[in-house]
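Residue strings, one per chain:
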Amino acid sequence: MRFGFRRHYSITPWTDFVEVYWGARCQMFATPTGAEEVCVSLLTSDPQMRIERALPQFPDLARRLQGAPVLTSEQGAVTALERTRGVIRGNIALVGDASGTVDGIAGLGLSLAFQQAICLGEAMAREDLNYYQAAHRRICKLPARLNRLLLMMNESTWIRRKVLRLFAGSPRLFTGLMSLHTGQQGKEEIRAAELLGLGWRVLWA
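The following refers to the structure shown. (Residues numbered from 1 in each chain as written. Predicted model: local features only at pLDDT ≥ 70, side-chain atom pairs only at ≥ 80, totals over all residues. Heavy atoms only, no water.)

**Digging into the overall build of the chain**
When helices and strands are tallied, the chain shows eight helices and nine strands. Looking at the chain as a whole, 40% of its 205 residues are labelled buried. Here the analysis covers contacts within the chain between residues at least 6 apart in sequence; of these, 60% occur between residues at least 24 apart. Of the roughly 12,400 Å² that the chain leaves accessible, carbon and sulfur atoms contribute 56%. (Helix = DSSP H or I, 4+ residues; strand = E, 2+ residues; numbered from the N terminus. Buried < 20%, exposed > 50% of the residue type's maximum accessible area, 1.4 Å probe, protein only. Contact = heavy atoms within 4.5 Å. Areas by Shrake-Rupley, 256 points an atom, 1.4 Å probe, with all protein chains shown as cover.)

Encoded structure:
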């Protein structure tokens, strides 16, 4: 279980992308949310940490935000990697966060909920909720594994440096993992053999 906080700043976005910054057992995300607005989020295992306290760990981001008016008050919530024993009982089915969650670092909460909803609709058309139970397990399996890898990077500076060094030197591997993570199939698709050897490649990075 960790804690997430966010607030919005009045500033022209400097990129079209979501930026992820890694610090000591925390991450910050800068997301353009409007023509003159950027949302800054913090994920941390420290319940006392807040955005202002964490910003000095990220001097590049702090420099960009310096002097920018704050549009919204800081709000927070709990984020966790949590699995349920089952998602159906009788004529009741759980979907979205009610059926299990991934840590916010994965950025997959809504995506998983939409995928589950589609499979639940198919199960209802078949009049077979067991179909949804099997589909839910399949949908959540890989994201949960990748979530654990990201949380290991959060806990260990050594692992984090190794993984980021590996990705910096192997852009195709990074792109392939991102495609796998987001459920996209493209020319950069990663092979099973590469996944099996990923641990060794991290150690040697």
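Having seen it, we continue.
**Considering the side chain of arginine 7**
One can find arginine 7 in strand E1 (residues 2-9). Classification of arginine 7 as buried rests on a relative accessible area of 10%. Of the polar contacts made by the side chain of arginine 7, one reaches the side chain of tyrosine 9; its length is 2.7 Å. Every residue in contact with arginine 7, bar those within four places of it in the chain, is listed here: Val38, Cys39, Val40, Ile51, Glu52, Val70, Thr72, Ser73 and Glu74. (Polar contact = N/O pair within 3.5 Å; in protein donor to acceptor, adjacent residues only side chain to side chain.)

**As for the packing of aromatic side chains**
Scanning all chains against the criterion turns up one aromatic pair. Ring centres of tyrosine 21 and phenylalanine 58 lie 6.1 Å apart, and the angle between their planes is 65°; on these two criteria the pair is classed as edge-to-face. Here the residue tyrosine 21 occupies a position in strand E2 (residues 19-23), and phenylalanine 58 occupies one in the loop between helix H1 (51-54) and helix H2 (59-65), the gap between them amounting to 37 residues. Like phenylalanine 58, tyrosine 21 is buried. The ring of tyrosine 131 has arginine 126 lying over it, and the distance from NZ or CZ to the ring centre is 4.0 Å. (Phe/Tyr/Trp six-rings, centres within 6.5 Å; stacked < 30°, edge-to-face > 60°. Lys NZ or Arg CZ within 6 Å of the ring centre and 35° of its normal.)

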